[in-house]
Amino acid sequence: MNKQVEIAKKFGYEGRIEILGEGHINNTYLVIPPEGHKLILQKINVQVFRKPEELMANLVKILDHLAQNRYPYKPLRIIHTTSGEPFWSEGSGFWRALEYIDDCSTLTHTDDLHIARMTAEAYAIFIKTLADLPPVVIRETIPGFHDPEKRFAEFMHAVNESVADRADQARSMIEHAMAFSGITHRYAEIAAGLPLRVTHNDTKLSNILFDNKLDRVVAIVDFDTIMPGYVMNDFGDLARSICNTGREDEADLSKVSFSTRMFQAISEGYAGTLKGTLVPGERENLLFGVRIMIYTQFLRFLSDYLLGDKYYRITYPEQNLNRANVHLKLFLDLQGKEEELIEIINAV
Ligand code: GN1
Ligand code: MG
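Sequence order as written defines the numbering, with residues in each chain counted from 1. Throughout, the order in which chains and ligands are written sets their labels, letters from A for the former and numbers from 1 for the latter. Two thresholds apply to this predicted model, a pLDDT of at least 70 for residue-level local features and 80 or more for giving and counting side-chain atom pairs, whereas whole-chain, interface and lining totals are computed over all residues. In computing side-chain values, all of the structure's heavy atoms are included and hydrogens and water are not.

**Quick word on the sheet that holds strand β9 (residues 208-211)**
What links the strands of a sheet is backbone hydrogen bonding, and the strands pair in either a parallel or an antiparallel sense.
Here is step 1: Pairing in this open sheet of 3 strands is antiparallel, and the strands run β7-β9-β10 from one edge to the other. Every other strand in the sheet has two partners, leaving β7 (104-105) and β10 (217-220) as the edge strands with one partner each.
Here is step 2: At least two DSSP bridges between two strands are needed for those strands to be called paired. We count a stretch as a helix when DSSP gives it H or I for four or more residues in a row; a strand needs E for two or more, and each element gets its number in order from the N terminus. With 2 bridges joining them, β7 and β9 adopt antiparallel strand pairing. Considered in β9, the bridge of Ser105 is made with Phe210.

**What to know about the coordination of the magnesium ion (ligand 2)**
For a metal bound by four donors in tetrahedral geometry, the ideal donor-metal-donor angle is 109.5 degrees, whereas six donors in octahedral geometry ideally sit at 90 or 180 degrees.
Here is step 1: Ligating atoms shown are N, O and S within 2.8 Å of the metal, or 3.2 Å for Na, K and Ca, and water is not included, meaning a site may look less than complete. Asp202 (OD) and Asp222 (OD) make up the full set of protein donors to the magnesium ion (ligand 2), lying at 1.9 to 2.0 Å. In this pair, Asp202 sits in the loop between β8 (197-199) and β9 while Asp222 sits in the loop between β10 and β11 (227-229), placing the two residues 20 residues apart along the sequence.
Here is step 2: The partly exposed category is assigned to Asp222, whose relative accessible area is 25%. For the exposure calls, accessible area comes from a 1.4 Å probe over protein chains only, and a residue counts as buried if that area is under 20% of its type's maximum, exposed if over 50%, partly exposed in between.

**Observations regarding the domain arrangement of the chain**
Here is step 1: Once the domains are mapped, the chain shows domain 1 (2-102) and domain 2 (113-347).
Here is step 2: Counting from both sides, the interface comprises 25 residues of domain 1 and, opposite them, 29 residues of domain 2.
Here is step 3: When two parts are brought into contact, each loses some accessible area as probed by a 1.4 Å sphere; the total of that loss over both is the buried area. Carbon and sulfur atoms supply 62% of the area that domain 1 and domain 2 bury against each other, a total of about 2,600 Å² over both sides.
Here is step 4: Every case where a carboxyl oxygen of Asp or Glu lies within 4 Å of a side-chain nitrogen of Lys or Arg is listed as a salt bridge. There are 2 salt bridges connecting domain 1 and domain 2.
Here is step 5: Two residues, Asp224 and Arg96, come together in a salt bridge whose shortest N-O distance is 2.9 Å. Domain start and stop positions are those given by an automatic or database domain assignment. Here a residue-residue contact requires only that any non-hydrogen atoms of the pair lie within 4.5 Å.

**Some points on helix α11 (residues 286-306)**
Here is step 1: One less than the number of residues in a helix, times 1.5 Å, gives the span that helix is expected to have. Its 21 residues give α11 an end-to-end C-alpha distance of 30 Å, which sits within 8% of 30 Å, the value for a rise of 1.5 Å per residue.
Here is step 2: The element α11 is largely enclosed, with a buried count of 21 among its 21 residues.
Here is step 3: Positioned one or two residues after α11, Gly308 has a phi angle of 95°, which is positive.

**Observations regarding the site of ligand 1**
Here is step 1: Residues in contact with ligand 1 amount to 17 residues; listed here are only the nearest, Lys204, Glu248, Gln297, Arg300 and Tyr311.
Here is step 2: N or O atoms within 3.5 Å of each other form a polar contact, as long as, within protein, one can give a hydrogen and the other can take it, and as long as residues adjacent in sequence are counted only when both atoms are side-chain atoms. Between Asp202 and ligand 1, the recorded distance is 2.9 Å, taken from a side-chain N or O atom to an oxygen atom.
Here is step 3: Asp222 is positioned with one of its side-chain polar atoms (N or O) 2.9 Å from an oxygen atom of ligand 1.
Here is step 4: Using a 1.4 Å probe, accessible areas were evaluated by the Shrake-Rupley method; residue-level cover was limited to the displayed protein chains. Here ligand 1, which alone exposes 450 Å², has 95% of that area covered by the protein.
Here is step 5: Looking at the shell around ligand 1, the element that brings in the most residues is α11, giving 3 residues.
Here is step 6: Throughout this entry, Asp, Glu, Lys and Arg are counted as charged residues, while Ala, Val, Leu, Ile, Met, Phe, Trp, Tyr, Cys and Pro are counted as nonpolar. The remaining residues, Gly among them, count as polar. In terms of residue class, the shell around ligand 1 is made up of 7 nonpolar, 4 polar and 6 charged.
Here is step 7: Each of domain 1 (2-102) and domain 2 (113-347) contributes no fewer than three residues to the shell around ligand 1. Near, as used in this document, describes a residue that has one of its heavy atoms within 4 Å of the molecule or strand being considered.

**Here we look at unusual backbone geometry**
Here is step 1: One non-glycine residue, Asp103, lies in the positive phi region at around 60°.
Here is step 2: Secondary-structure assignment places Asp103 in the loop between β6 (93-99) and β7.
Here is step 3: Its relative accessible area of 59% is what places Asp103 among the exposed residues.
Here is step 4: Even without glycine at this site, Asn201 takes up a positive phi of about 75°.

**A few points about the environment of Ser162**
Here is step 1: Tracing the chain through its elements places Ser162 in the loop between α4 (148-161) and α5 (166-169).
Here is step 2: If sequence neighbours within four positions are ignored, Ser162 has contacts with Ala167 and Leu306.
Here is step 3: For Ser162, the side chain forms a polar contact with the main-chain nitrogen of Ala167, separated by 3.2 Å.

**Examining the pairing of β10**
Here is step 1: Pairing between β9 and β10: 3 bridges, direction antiparallel. From the neighbouring strand, Ile208 faces β10, where its bridge partner is Ile220.
Here is step 2: Two successive antiparallel strands, β9 and β10, enclose a turn made up of 5 residues, where Leu214 displays a positive phi of approximately 60°.

**Looking at the pattern of salt bridges**
Here is step 1: The final tally for this structure, using the stated rule, is 19 salt bridges.
Here is step 2: Ionic pairing is found between Glu90 and Lys3, a salt bridge with its closest N-O pair at 2.7 Å. With Glu90 in strand β5 (residues 88-90) and Lys3 in helix α1 (residues 2-10), this residue pair connects regions lying 87 residues apart in the sequence.
Here is step 3: Residue Glu90 is classed as partly exposed on the basis of its relative accessible area, which comes to 25%.
Here is step 4: A salt bridge links Glu154 to Arg151; its shortest N-O distance comes to 3.4 Å. Pair noted here: Glu154 and Arg151 are both in helix α4, with a separation of 3 residues, about one helical turn.
Here is step 5: Look at the salt bridges and you will find they share partners, linking Lys3, Glu6 and Glu90 into a network.

Below, the structure is given as structure tokens:
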């Protein structure tokens with residue numbers, strides 16, 4: 001951790017360093033000084049975020065807007081270097097620091113309806129608070145991030161470039177991915193009729209900080225993929241994360257299903273909070289957002305497995321394969337529950 005110690009000093013901090021969080025892309029550390037505030041130190045993955053300065057510029061604009069619009073959650077606070085810069089960049093390393101929000105709990109999984117509803121409300125309030133920030137002022141930090149047609153093209157490339165015997169191993173999944181690819185064109189048609197907004201784009205449960213009793217949302221974190229996007233993507237990714245009865249990389253697929261009771265809770269929390277904000281086309285396509293987000297996440301995990309785990313951080317060899325299997329299972333389960341889910345969402 002010598003490097004982290006050295007970089008922490010650039011931000012005026014000295015202390016013990018720990019690895020923090022569950023992120024799949026950036027490297028996140030906690031700097032714990034002998035006394036006083038702790039610091040979050042992040043090394044941005046510049047293979048993924050190719051223009052990290054733009055990412056920081058987005059962050060500043062978003063934080064300003066939230067501050068001026070009665071955002072009810074704790075804002076992220078950027079800590080500058082001792083020479084007053086919002087990041088430290090050297091060679092291939094791009095580092096930034098944020099104030100650590102203490103006394104909070106995070107979850108990667110829950111079956112608690114109250115937590116589901118609170119999470120949905122928080123992400124909805126986020127959309128509502130940013131509703132009058134013109135999306136054109138926010139840069140696309142990862143071009144085509146939630147573009148399913150692009151993701152499908154990348155998937156086909158991954159099938160062709162697949163390492164060793166991985167395509168054989170994943171044959172059935174590849175066939176499923178191809179069989180359902182029509183959904184990507186449907187997305188393009190639907191999206192063409194929807195307003196662009198400033199969206200969070202990574203609305204998973206673990207990006208919410210709760211108080212330690214788990215009865216209040218303290219903050220929403222991970223602002224790096226905030227970009228112009230569609231509400232259906234945020235709602236869809238939220239459902240992917242919260243309505244999965246198993247873990248994101250669950251090896252035992254019998255534990256994975258799409259929970260209709262959790263879906264009801266997030267639908268009420270999300271659509272209820274955004275009543276009067278969403279236009280009819282956005283409301284009508286929330287469920288489609290769930291379908292497309294589960295499908296594209298499936299493609300992304302499977303592609304990365306085929307290419308030899310180059311994108312997502314893995315902690316064991318089969319992790320991306322498991323992640324892909326989980327998302328296919330969710331996608332198929334969702335299809336079987338379609339009518340029930342339509343009823344639920346129409347009722348709210
Ligand atoms: C990645 O790095 P992290 O955990 O915040 C990914 C998201 C996925 C998520 C799946 C830049 O987010 O799109 O939804 O993993 N971020 C990027 O857990 O690709
Ligand atoms: Mg993220």
